[in-house]
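Overview (structure and organization)
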Amino acid sequence: MTTATRSWEMRQRSLLPYAVLAAIALAIVWVLVATGLWNDILRYRKDIIYLTKQHLVLVAVSGGAAIVTGIGLGIWLSRPAMARYAEATIQAVNMATSIPTLGKLALMMTLLGIGPLPAIVGLWIATLLPIVRNTYAGLRAVPAHLVDAAQGMGMSPRAILRRVELPNALFVIFAGIRTAMAVNVGTAPIAFLIGGGGLGELIFTGIDLQEYGMMLAGAIPTALLAVAVDFLFGQAQYWLVPRGVNPLRNS
Amino acid sequence: MIRLEALTKIYPSSHGGAASVDRVSFEVGAGETCVLLGPSGCGKTTTLRMINRLVAPTSGKVFIDGRDTSAVDPVELRRTIGYVIQQIGLFPNMTVAENIGVVPRLLNWDRPRMRRRAEELLAMLALEPAEFLDRYPNELSGGQAQRVGVARALAADPPVLLMDEPFGAVDPVNREVIQDEFLRMQKSLRKTVLFVSHDIDEAVKMADRIAIFRAGRLEQYAAPDELLGRPANDFVAGFVGSDRTLKRLRRITVGDVMSPPDAASAPDAPAVAPGDDLRRVVTLFLERGVDVLRCVDAGGRLVGVVTRKAVAARLAAPANGNGPGAPLR
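It should be emphasised that the depicted structure is a prediction, and the values quoted were computed from it without experimental measurement.

Another point: the confidence of the model for chain B. Model confidence for chain B is summarised by a mean pLDDT of 89, while 95% of its residues fall at 70 or above. Counting contacts from residues 321-329 of chain B, a segment whose pLDDT is below 50, to residues more than four positions away or on other chains yields 15 contacts.

Residues and elements named next belong to chain B. Counting buried positions over the six residues of strand S10 (residues 217-222) gives five, a clear majority of the element. The pairing of strand S9 (residues 209-214) with S10 spans five bridges and is classified as antiparallel. Across the sheet, residue Phe213 finds its bridge partner in S10, namely Leu218.

Residues and elements named next belong to chain B. Judged by pairing direction, the sheet is antiparallel, and its four strands sit side by side in the order S2-S1-S4-S5 without closing on themselves. In the strand order of this sheet, the two ends are held by strand S2 (19-28) and strand S5 (67-68), each with one partner. Relative to S2, strand S1 (residues 2-10) runs antiparallel, the two being bridged by six bridges. From the neighbouring strand, Leu7 faces S2, where its bridge partner is Val24. Strands in contact with helix H1 (residues 44-51) are S1, S2 and strand S4 (59-64); relative to S1, the strand with the most contacts, it is inclined by about 120 degrees.

According to the domain assignment, chain A consists of domain 1 (1-35) and domain 2 (46-249). Between the C-alpha centres of domain 1 of chain A and domain 2 of chain A the distance comes to 25 Å.

The next point concerns the environment of Leu225 of chain A. All names here are of chain A. For Leu225, the location among the structural elements is in helix H10 (residues 212-240). Assessed through the 18 C-beta atoms surrounding it within 10 Å, Leu225 is described here as partly exposed. Between the C-alpha atoms of Leu225 and Leu56, which are 169 residues apart in sequence, the distance is 8.7 Å.

Okay, the sheet that holds strand S8 (residues 192-197) of chain B next. Residues and elements named next belong to chain B. The strand order across the open sheet formed by six strands is S6-S7-S8-S3-S9-S10, and the pairing between neighbours is mixed. Each having just a single partner strand, strand S6 (81-85) and S10 make up the two edges of the open sheet. The mean angle between the axes of side-by-side strands here comes to 15 degrees, regardless of whether they run parallel or antiparallel. Note: strand S3 (residues 33-37) against S9, four bridges, orientation parallel. If you follow Leu37 over to S9, its bridge partner there is Ile212. On top of the sheet, helix H7 (residues 142-154) reaches S6 and strand S7 (160-164); it is set at about 160 degrees to S6, its chief contact.

Residue and element names in this part refer to chain B. Non-glycine residue Asp65 carries a positive phi angle of around 50 degrees. Mapped onto the elements, Asp65 comes out in the loop between S4 and S5. Residue Ala126 is not a glycine yet carries a positive backbone phi of 60 degrees. Tracing the backbone shows Ala126 in the loop between helix H5 (111-124) and helix H6 (129-132). Overall, Ala126 belongs to the partly exposed group, with 13 C-beta atoms counted inside 10 Å.

Cut-offs applied
Residues numbered from 1 in each chain as written. Chains lettered and ligands numbered in written order. Predicted model: local features only at pLDDT ≥ 70, side-chain atom pairs only at ≥ 80, totals over all residues. pLDDT = per-residue confidence, 0-100. Contact = placed C-beta atoms within 7 Å. Buried ≥ 20, exposed ≤ 12 C-beta atoms within 10 Å, placed from the backbone. Helix = DSSP H or I, 4+ residues; strand = E, 2+ residues; numbered from the N terminus. Pairing = 2+ DSSP bridges. Axes fitted to C-alpha atoms, helices over the stretch in contact; angles between N-to-C directions. Domains from an automatic or database assignment.

The following block contains the structure:
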């Protein structure tokens, strides 16, 4: 079998879950149309567009900041100079992860008041932790002999990080980012509770008013966004992680 | 040329710290292969790693071509020294071509030159360039990976090669093959090689000189023939084994022991070539029950005879003609 057909088959395999999801989505839409809920949802078209934009800003700003700072922090903790403090810090990070996200948002509200800012900060913290943990773990898992070989060939510490350590940890780092972004997108609706806006407004108001059309008008875009974000980072993981260290592209 | 002067490494520990390498001095001539040999924990790897300064010496100096290596930036120094380790350490995120190109890239070679060099090295190591250049390390067998590891170390044509049990992870059959390839290559490249091993047979096969270590000290530094023929002490004798005379046969050639042909040489005696080693000679003595062999060159001309007596005389008197055998003090 040629490399081309093999990689095509692998691509198909990696796309399969999304095809299944699309089929389920179609079935749901059919049910909604059949029950008449679809028209109820469409009544909120303008709200959906406006709140989705708000929602995207929440996710993009908090998620983007978390990816940048999380990878940076993970790298910093993995450096030999930090070895004495790294494990303790990671333990603290693990404990912080176990605080429910709603609790984190409530804490942010007490510290920063209400509005988008505390929501973004809360989401940032919730998203940060898995990225730090995975970046640190991924870098620590790079075999010592690779670093030894790189050093022995005259690579500078920075070149070793950039060309050996990070590429070899990248798959695990991406796994952390995907977990983190799933948490981020899933938690973003709660931001409404501390005045952060977003699609949570339709969901929570819909629940309170027992307006299922309104609730679904918030819930369905949230779900679609979650799938889209995971698809995006899944594709990035597939294409950006070098083939030699990418389990998705080797089987 | 590499010179070690009273090289010492002491790792600090609660009870003061014993030296893992204790005032080791020796000299390896340009183009020679020196095997550092000894049981594990004897300091041979630490000694090797002090040469490219992956380990900083506690005291003592290393000179390469007369230049004190402590005066050079370690990162720059390492780019001029090839380095091969037992785990090979090919970077799994890079293709074979990229792995071989690591040091050239650090030296800012242009891409076509890096590519050409990788092709050239793979061909030299009996790997078809077109087939292997774009493979990833996880698509190589152990022996192939080890060859690529050697190619990577040779990429920027460093005059010095450090090899830490380079063939230790390869199965015995392939190890022999790779050793032979390396010897053939070394014949034309004439690198100055320091090679760590714990295998006396490998050392006898590969080395121009062997440095035997015990507990951080250099016990004997000599050519294989002298080491086997005249071990400096009981430790060395024990380490090289009771069959050390048999081991010597590998490194002595017919040319070393033959005498000019005379009229009396039996015309029907079995024939050997001047480049054959004494293992073949002794095998023929025993199998054919003869005392004399004819030595013929590639053209079939008689160039000498080998007698049992000459072999015995050679084994009784270890060669001293191989330069200074004793470590520098």
